[in-house]
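Structure assessment
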Amino acid sequence: MREPLAEPAFDQLFRTARTYNWFGGEVSDATLRTLYDLLKFGPTEANTTPARFVFVKSPEAKAKLGPALSEGNYKKTMAAPCVVIAGYDLKFYDKLPVLFPHTDAKAWFEHREPDNLAWVAMRSSALQTAYLILAARSLGLDCGPMSGFDNAKVDAAFFAGTSIRSNILINLGVGDPASIYARSPRLGFDEACRIE
């Protein structure tokens, strides 16, 4: 068994990490590559890795994203240094000959019904999105994940003609401490867990 991380790492990743509403700073392309190179190692079902990420930074890309945002998310998202569109590829199985080479895993998925494929893709891509948040925090970035947007508009603007669908948006940058609320309560162990 490896040694646990030092206490400050627990704070940075979980205990004092917060969901910010306003961001400053810069997020370089090199940082985004490092971010992906960390998150890609998180486990997914049969190594399907269905998540697809669009890092929205340019004014042109933000102009495409803007019409899909809810009123409450528009200003903070347009001001963020980077916005991640976290999506999932419904044809993730096409990559399985490379990603899961020791057996024909593509055959496990390619003939399934679309609803079942969407469930598989969303489940593992949600894991990958959580890995993205933890990787971002480990690199010193703050995050603002949100679901207040029109998925169909995002898909039309960024994924038209593809098998990719949007799931979650995440603002990235240096969080403004004035933009957070008091931490909301969490369930205690006995309310959320049991040991059998």
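Everything that follows concerns the structure shown earlier in this document.
A brief report on the enclosed structure follows. (Residues numbered from 1 in each chain as written. Predicted model: local features only at pLDDT ≥ 70, side-chain atom pairs only at ≥ 80, totals over all residues. Heavy atoms only, no water.)

**Quick look at the overall build of the chain**
Here is the rule we go by: Helix numbers and strand numbers start at the N terminus; a helix is a DSSP run of H or I with at least 4 residues, a strand a run of E with at least 2. It is over C-alpha atoms that the radius of gyration is taken, and the globule rule equals 2.2 Å times the number of residues to the power 0.38. The cut-offs for exposure are 20% and 50% of the maximum accessible area for each residue type, with area from a 1.4 Å probe on protein chains only; residues under the lower value are buried, those over the upper are exposed, and the others partly exposed. By the convention used here, residues are in contact when the closest approach between their heavy atoms is within 4.5 Å.
In terms of regular secondary structure, the chain is built from nine helices and five strands. For the chain, the C-alpha radius of gyration of 18 Å lies close to 16 Å, the compact-globule estimate for 196 residues. In terms of overall dimensions, the chain has C-alpha extents of about 50 × 50 × 35 Å along its principal axes. Taken across its 196 residues, the chain has 40% of its residues classed as buried. Long-range pairs, those at least 24 residues apart, make up 82% of the contacts in the chain between residues at least 6 apart in sequence.

**A closer look at the pattern of salt bridges**
What counts here: Between Lys or Arg on one side and Asp or Glu on the other, a salt bridge is scored when a side-chain nitrogen of the former is within 4 Å of a carboxyl oxygen of the latter.
As enumerated under the stated definition, the model contains eight salt bridges in all. Close ionic contact of Glu7 with Arg15 constitutes a salt bridge, the shortest N to O distance being 2.4 Å. For Arg15, a relative accessible area of 44% translates into the label partly exposed. Taking the shortest distance from any N to any O, the salt bridge between Glu45 and Arg123 comes out at 2.6 Å.

**Notes on the pairing of strand S3 (residues 82-89)**
What counts is decided by this rule: The pairing criterion for strands is at least two bridges between them, as found by DSSP.
The element S3 is largely enclosed, with a buried count of eight among its eight residues. Covered by surrounding structure in S3 are Cys82, Val84, Ala86 and Tyr88 together with Val83, Ile85, Gly87 and Asp89, the residues of both alternating faces. The sheet contact formed by strand S2 (residues 51-56) and S3 spans six bridges and is antiparallel. Bridge pairing links Phe53 to Ala86 in S3.

**Observations regarding the nonpolar core**
Our working definition: We call a set of buried Ala, Val, Leu, Ile, Met, Phe, Trp, Tyr and Cys residues a nonpolar core when their side-chain atoms join them within 4.5 Å.
Grouped together as the largest cluster of nonpolar side chains are 18 residues, with contacts concentrated most on Leu35, Leu39, Phe53, Leu132, Ile170 and Leu172. Put simply, the parts of the chain that give this core at least two residues each are helix H2 (29-39), S2, S3, helix H7 (114-138) and strand S5 (164-175). With five residues, the single largest contributor to this core is H7. Not counting chain neighbours up to four residues away, the residues in contact with Leu132 comprise Leu35, Leu39, Phe53, Phe55, Val84 and Ile170. In terms of nonpolar packing, the next biggest core, distinct from the first, is built from 17 residues, Phe23, Val83, Phe158 and Ile164 among them.

**Focus on the pairing of S5**
Of all the twelve residues making up S5, nine are buried; the element is thus mostly covered by neighbouring parts of the structure. Bridge analysis of strand S1 (residues 23-24) against S5 gives two bridges, and the strand direction is antiparallel. Bridging across to S5, Gly24 finds its partner in Val174. Inspection of the sheet shows S3 paired to S5 by eight bridges, in the antiparallel sense.

**Some words on the state of the cysteines**
Here a disulfide denotes one covalent bond, and it connects the sulfur atoms of two cysteines. Heads up, the condition is: Put simply, a disulfide is two cysteine sulfurs that come within 2.5 Å.
Counted according to the given criterion, the structure contains zero disulfides. The thiol of Cys82 is unpaired, and the distance to the nearest cysteine sulfur, on Cys143, comes to 10 Å. By relative accessible area, Cys82 is classed as buried at 0%.

**Digging into helix H8 (residues 151-158)**
This is how it is decided: Taking the helix axis as origin, the arc is that swept by the directions to the C-beta atoms. Here a polar contact is taken to be a pair of N or O atoms separated by no more than 3.5 Å, where protein atoms must pair a possible hydrogen donor with a possible acceptor and residues adjacent in sequence count only if both atoms sit in side chains.
Among all positions in H8, only Val154, Asp155 and Phe158 are buried. Relative to the axis of H8, the buried residues are bounded by an arc of 100° and lie together on one face. Exposed residues on H8 whose side chains face more than 90 degrees from its buried face are Ala152 and Ala156. In the core, the buried residues of H8 are packed alongside S2, helix H3 (59-65), S3 and S5. Measuring from the side-chain oxygen of the N-cap residue of H8 to the backbone nitrogen of Ala152 gives 3.0 Å; that N-cap residue is Asp150.

**Re unusual backbone geometry**
Backbone phi values are negative for most residues with the exception of glycine, while trans is the configuration of most peptide bonds. The phi dihedral of Asn47 is positive, around 55°, even though this residue is not glycine. Of note, Asn47 is situated in the loop between H2 and S2. The partly exposed category is assigned to Asn47, whose relative accessible area is 29%. Non-glycine residue Thr49 carries a positive phi angle of around 35°. Looking at where Thr49 falls in the secondary structure, it is placed in the loop between H2 and S2. Judged by its relative accessible area of 13%, Thr49 is buried.

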